[in-house]
Amino acid sequence: MEGFLPLQWAVFWWIIALPCLVFGILQLKRVLAADREALPLLGVTGGFIFILSSLKLPSVTGSCSHPTGTGLSSVCFGPWITSVICAIVLLFQSLFLAHGGLSVLGANIVSMGIVGPLAGWGIYRALRDTGVNIYFTVFLACALADFCTYIVTSLELALAYPAEVGGFGSSFVMFMGIFAITQIPLAIVEGIVLALVFKYIVQLKPEILVRLKVFPEEKIRAAAGDS
Amino acid sequence: MWSRYRLEIVAIVAIVCFCGVFLYTSSLMNDAEYAGSDTLGSAGVAELTGVSEEAFQPLVPQWEPPSGEIESGLFALQAAVGGIFVGWVFGYWKGQKNRST
């Protein structure tokens, strides 16, 4: 939505996004230098961000929106590296698809690349060392990363455009109605699909998940063993 | 043997339900346009500010796909690039696994 954020807000979100991106790039270099075998996993998780964020799906509210696909990458590599992949996808969409735009790119990176993945990563970290099934954990992380992205989008717009009556709160409720409600069914389906993808990663390449300490080794071994 | 494919079954059921809910609601809502939520968001901003949507000009000059066909083509290209990555890596891992066993 190029042009729909006033200049000061566009700059504000850019200022938040930039240090996170720099940190993400440094972290990415470190992870890849430590283990070249992490690169294919990055390809898979990044590939799903490319695929899912291009699919505009209809939802129950009679409008369309797209999933984000960021949860899987966030579980495997953490939210900062995910921000870098998201920035690439969002840049492509701004330059060639008029979907987003260069001035609002900062705000979009914050919602899709930083806060969404951070929320997914938070729930994943909370459940990682508990007895909760790993696929259920991945499902929750992915669904939450998707859903929170659109909560933050609503927040960004409500901050920039508080309603005359009711101020920020009533704007936020209105934008939540547009973005977040549409997103609920999409977030659930995305979570299930990415949990399934994670199952295939566990079956094909459990070693890399063990090495990156995505889940405790015995949980991954158990999951890879019974499938 | 069913328990091996539990997650696959859940995924298929979820997708079928998603399609089913879509068919059901779209048959109830005749006026639904299935516009993008971005478009609705823009309309929301216009409504809040009382300024027409056309008045919001890009802050940074922006190239727009000349038509919906071209736009959907570019979206498909993006998905295809992602698909190539995913397929390539899964194939690479599968090959590694077959060789080691």
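These figures come from a predicted structure and were not determined experimentally.

Peer 1: Describe helix H5 (residues 105-128) of chain A, naming the residues involved and giving the relevant values.
Peer 2: Residues and elements named next belong to chain A. For H5, which comprises 24 residues, the first-to-last C-alpha distance of 32 Å matches the rise-based estimate of 34 Å (1.5 Å per residue) to within 8%. Along H5, the sharpest kink reaches roughly 25°, centred on Ser111. A large share of H5 lies buried, amounting to 18 of its 24 residues.

Peer 1: If you had to explain the domain arrangement of chain B to someone new, which residues and values would you point to?
Peer 2: By a frequent convention, interface size equals the accessible area lost on bringing the separate parts together. As assigned here, chain B comprises domain 1 (1-58) and domain 2 (65-101). Distance between the C-alpha centres of domain 1 of chain B and domain 2 of chain B: 24 Å.

Peer 1: Any chance you could break down the packing of helix H4 (residues 79-96) of chain A against H5 of chain A for me, citing the residues and the numbers?
Peer 2: Residues and elements named next belong to chain A. Contact geometry of H4 with H5 gives a least axis separation of 9 Å together with a crossing angle of 145°. For the element pair H4 and H5, the recorded crossing hand is right-handed. For the pair formed by H4 and H5, the contact residues are Pro79, Thr82, Ser83, Cys86, Ala87, Leu90, Leu91 and Ser94 on the first element and Leu105, Asn108, Ile109, Met112, Gly113, Ile114, Pro117, Leu118 and Trp121 on the second. Considered class by class, the residues forming the contact of H4 with H5 number 12 nonpolar, five polar and no charged.

Peer 1: Break down the nonpolar core for me, citing the residues and quoting the values.
Peer 2: Counting residues in each nonpolar core, the largest one holds 86 residues, and the members touching the most others are Phe48, Ile109, Val138, Cys142, Leu194, Ala195 and Phe198 of chain A. When residues of this core are assigned to domains, at least three map to each of domain 1 (1-58) and domain 2 (65-101) of chain B.

Peer 1: Describe the sheet that holds strand S2 (residues 63-65) of chain A, naming the residues involved and giving the relevant values.
Peer 2: Read from one edge of the open sheet, three strands run S1(A)-S2(A)-S1(B), paired in mixed fashion. This sheet does not close on itself; its edge strands, each paired only once, are strand S1 (57-58) of chain A together with strand S1 (35-36) of chain B. As judged from the two bridges shared by S2 of chain A and S1 of chain B, these two strands associate in the parallel manner. The partner of Ser63 of chain A across the bridge, within S1 of chain B, is Ala35 of chain B.

Peer 1: Explain the environment of Trp14 of chain A residue by residue, including any values.
Peer 2: Residue and element names in this part refer to chain A. Relative to the helices and strands, Trp14 is located in helix H1 (residues 7-34). Residue Trp14 is classed as partly exposed on the basis of its 18 C-beta neighbours within 10 Å. Between the C-alpha atom of Trp14 and that of Val197, which follows or precedes it by 183 residues, the distance is 32 Å.

Peer 1: For unusual backbone geometry, give the residues involved together with the corresponding values.
Peer 2: All names here are of chain A. Phi is positive for Ala98, close to 50°, though the residue is something other than glycine. Within the secondary structure layout, Ala98 lies in the loop between H4 and H5. Among the residues examined, Ala98 registers 17 C-beta atoms within 10 Å and is labelled partly exposed. Non-glycine residue Lys213 carries a positive phi angle of around 55°.

Rules of the game
- Residues numbered from 1 in each chain as written.
- Chains lettered and ligands numbered in written order.
- Predicted model: local features only at pLDDT ≥ 70, side-chain atom pairs only at ≥ 80, totals over all residues.
- Helix = DSSP H or I, 4+ residues; strand = E, 2+ residues; numbered from the N terminus.
- Expected span 1.5 Å × (residues − 1).
- Bend = angle between axes of the 7 residues up to and from the residue.
- Buried ≥ 20, exposed ≤ 12 C-beta atoms within 10 Å, placed from the backbone.
- Domains from an automatic or database assignment.
- Axes fitted to C-alpha atoms, helices over the stretch in contact; angles between N-to-C directions.
- Left-handed = near helix turned anticlockwise from the far one by under 90°.
- Contact = placed C-beta atoms within 7 Å.
- Nonpolar A, V, L, I, M, F, W, Y, C, P; charged D, E, K, R; others polar.
- Core = buried A, V, L, I, M, F, W, Y, C linked by C-beta atoms within 7 Å.
- Pairing = 2+ DSSP bridges.

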